[in-house]
Amino acid sequence: MFDMKRSRIKELFLSQPIGTDVKICGWVRTVRSNKNVSFININDGSCVENMQVVLSPDHADYKLLCDIHTGTCVSIEGKIIESQGSGQSIELLPEKLMILGKADPQLYPLQPKEHSLEFLREVAHLRMRTSTFGAIMRLRHAMAYAIHKFFNDRGFFYLHTPIITGSDAEGAGAMFRVTTLDFNNLPLNEDKTVNFKEDFFGKETHLTVSGQLEGELGAMSLGQIYTFGPTFRAENSNTTRHLAEFWMIEPEVAFNELQENMDLAEEFLKYLIQYALDNCSSDLNFLNARFIKENEKKKQEERDEMNLLQKLEFVVSHPFERLTYTDAIEILKSSAPYKKKKFQYPVEWGVDLQSEHERYLVEKHFKKPVILTDYPKAIKAFYMKQSDDGKTVKAMDVLFPGIGEIIGGSQREDDIEKLKTRAREVGIKDEDIWWYLDIRRFGNAPHSGFGLGFERLMLFVTGMSNIRDVIPFPRTPKYAEF
Ligand code: 4AD
Ligand code: MG
């Protein structure tokens, strides 16, 4: 009985080993007692379900109960029996109970009641012990696994692009500087500017905003690659959709044009959502119940027509709507909110679409995911392939209900002269991207790719509404705790 191998609660619920002696270790969620019996609910993180331990007052370890509270870590050996109650299929009749770590109920921040998400962000070091955050983090893991599986099964190679970058070519957003210079004693040039030749890398360096440019080098060698790594943007945007540190998945495929790029993006998103439906049902059911409860609290006109599971099922079973930016502008101009001047931002060919416009198209007009293509050249990155009309580029954004942009991508400019001209127009010197230009010089070919924001995907899959709640430890302006 001693030195027994620990079982994970998930496995016990799966195998239902009634009559067997087992050992579990985990954290107490709730304790309920009456004069005949105490029920201790234990969660070990393996699944959303708790194991109910039934302790009677004549048990030798009953005296330990005074130290067993929400948050206490315990190890329990005992027999699995069919549950007498209705809440669960099996429960544990303890033989030996041990306290591994106490949690003073006067000090432990989590109580056996519902806490607000705002409060839980302040105790992010403990929030993964709640059912909601346990479910989210397990789903996050499952999605990361499914991403690797999707690409591996299709012959893509995982390429590790650098996190510290010496080029600011992407222009995707403001960057965080990486330096070892002493701010109190900066080496200066004669003109009083900082002499970065003295810095660690001998030049200015930053945290990457995207692995794409290096990803293209991989695709033009290995055929098809993907990156999946941390990405940093120093924009001061305090929204429910932006993080300063997030994770991005960037596939890049040689010989693909925009059409195939869209097909890949749609197949990829549907695969991931189907994977969650097929493999994460108990966590999804828990989050669905939560979603329904939250939805009911909303004002009638803000309520979702579908619950979380229905939304996920809907996306996998309907083709995404595909249309050009130009057509989208036409739709927006003849929309009710435009005519009633309800949009805050202007709608005009050439403007960058704001999230209010994207969400109108997705949630009100088409009522399904939308892929917008062929954006004006002026509002997109220098590397996107220019179309023959001279005005648009072969860009694509995938827009999702409740999220807005979840994927951004394009076919890449493979005409070296057009690429150089456009880069210079936006202030990028040839020598800053000499290696990127070389790809167009040696063995050039059409190629395409896109970037999926991992946390935006997690928002959709979990039904959460703030991006700070789908990453363990969010980094946002003025916030880098834990
Ligand atoms: O549209 P973006 O900026 O595209 C790129 O970075 C390209 N290099 C991708 C490519 O073609 N390989 O970003 C891609 C996605 C967005 O659609 C969004 O989902 C997510 O990354 N994203 C963010 N997610 C969280 N916080 C932020 N600050 C984000 N910025 C972008
Ligand atoms: Mg974008």
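1. Overview of the packing of aromatic side chains
Right, on to step 1. Throughout the structure, instances matching the rule amount to 22 aromatic pairs.
Right, on to step 2. Seen from their ring centres, tyrosine 145 and tyrosine 275 are 6.2 Å apart, and the 55° between their planes marks the pair as tilted. A residue pair is termed long-range when its members are at least 10 positions apart, and tyrosine 145 in helix α3 (residues 131-153) and tyrosine 275 in helix α5 (residues 258-279) qualify at 130 residues.
Right, on to step 3. Measuring from centroid to centroid gives 4.9 Å for phenylalanine 151 and phenylalanine 156, while their planes differ by 55°, and the two rings are tilted.

2. With respect to the side chain of threonine 231
Right, on to step 1. Within the secondary structure, threonine 231 sits in strand β10 (residues 224-232).
Right, on to step 2. At a separation of 3.3 Å, a polar atom in the side chain of threonine 231 contacts the main-chain carbonyl oxygen of glycine 229.

3. So, the pattern of salt bridges
Right, on to step 1. The final tally for this structure, using the stated rule, is 30 salt bridges.
Right, on to step 2. Residues arginine 154 and glutamate 267 are paired through a salt bridge, measuring 3.0 Å at the closest nitrogen-oxygen approach. Of this pair, arginine 154 sits in the loop between α3 and β6 (157-158) while glutamate 267 sits in helix α5; the two residues are 113 residues apart in sequence, bridging distant segments of the chain.
Right, on to step 3. Across the salt bridge formed by arginine 422 and glutamate 425, the nearest N and O atoms sit 2.7 Å from each other. With arginine 422 and glutamate 425 both in helix α11 (residues 416-425) and 3 residues apart, the pair spans about one turn of that helix.
Right, on to step 4. A single network of salt bridges, built from pairs that share partners, joins Glu216, Glu252, Arg412 and Arg440.

4. Digging into the pairing of strand β3 (residues 51-55)
Right, on to step 1. Where burial is concerned, most of β3 is hidden: 5 out of the 5 residues are buried.
Right, on to step 2. Burial along β3 is two-sided: the face carrying Met51, Val53 and Leu55 and the face carrying Gln52 and Val54 are both buried.
Right, on to step 3. Where strand β2 (residues 38-43) lies against β3, 5 bridges are found, and the strand directions are antiparallel. Considered in β3, the bridge of asparagine 41 is made with glutamine 52.

5. A word on the packing of α3 against α5
Right, on to step 1. Where α3 contacts α5, the axes come no closer than 9 Å and their chain directions differ by 135°. Between α3 and α5, the crossing angle belongs to the class labelled oblique. Handedness of the crossing formed by α3 with α5: right-handed. Along the contact surface, α3 presents Leu139, Ala142, Met143, Tyr145, Ala146, Ile147, Lys149, Phe150, Phe151 and Asp153, while α5 presents Leu264, Glu267, Phe268, Tyr271, Leu272, Tyr275 and Ala276.
Right, on to step 2. Residues belonging to the contact of α3 with α5 are distributed by class as follows: 14 nonpolar, no polar and 3 charged.

How each quantity is defined
Residues numbered from 1 in each chain as written. Chains lettered and ligands numbered in written order. Predicted model: local features only at pLDDT ≥ 70, side-chain atom pairs only at ≥ 80, totals over all residues. Heavy atoms only, no water. Phe/Tyr/Trp six-rings, centres within 6.5 Å; stacked < 30°, edge-to-face > 60°. Helix = DSSP H or I, 4+ residues; strand = E, 2+ residues; numbered from the N terminus. Polar contact = N/O pair within 3.5 Å; in protein donor to acceptor, adjacent residues only side chain to side chain. Salt bridge = Lys/Arg side-chain N within 4 Å of Asp/Glu carboxyl O. Buried < 20%, exposed > 50% of the residue type's maximum accessible area, 1.4 Å probe, protein only. Pairing = 2+ DSSP bridges. Axes fitted to C-alpha atoms, helices over the stretch in contact; angles between N-to-C directions. Parallel < 35°, antiparallel > 145°, perpendicular 65-115°, else oblique. Left-handed = near helix turned anticlockwise from the far one by under 90°. Contact = heavy atoms within 4.5 Å. Nonpolar A, V, L, I, M, F, W, Y, C, P; charged D, E, K, R; others polar.

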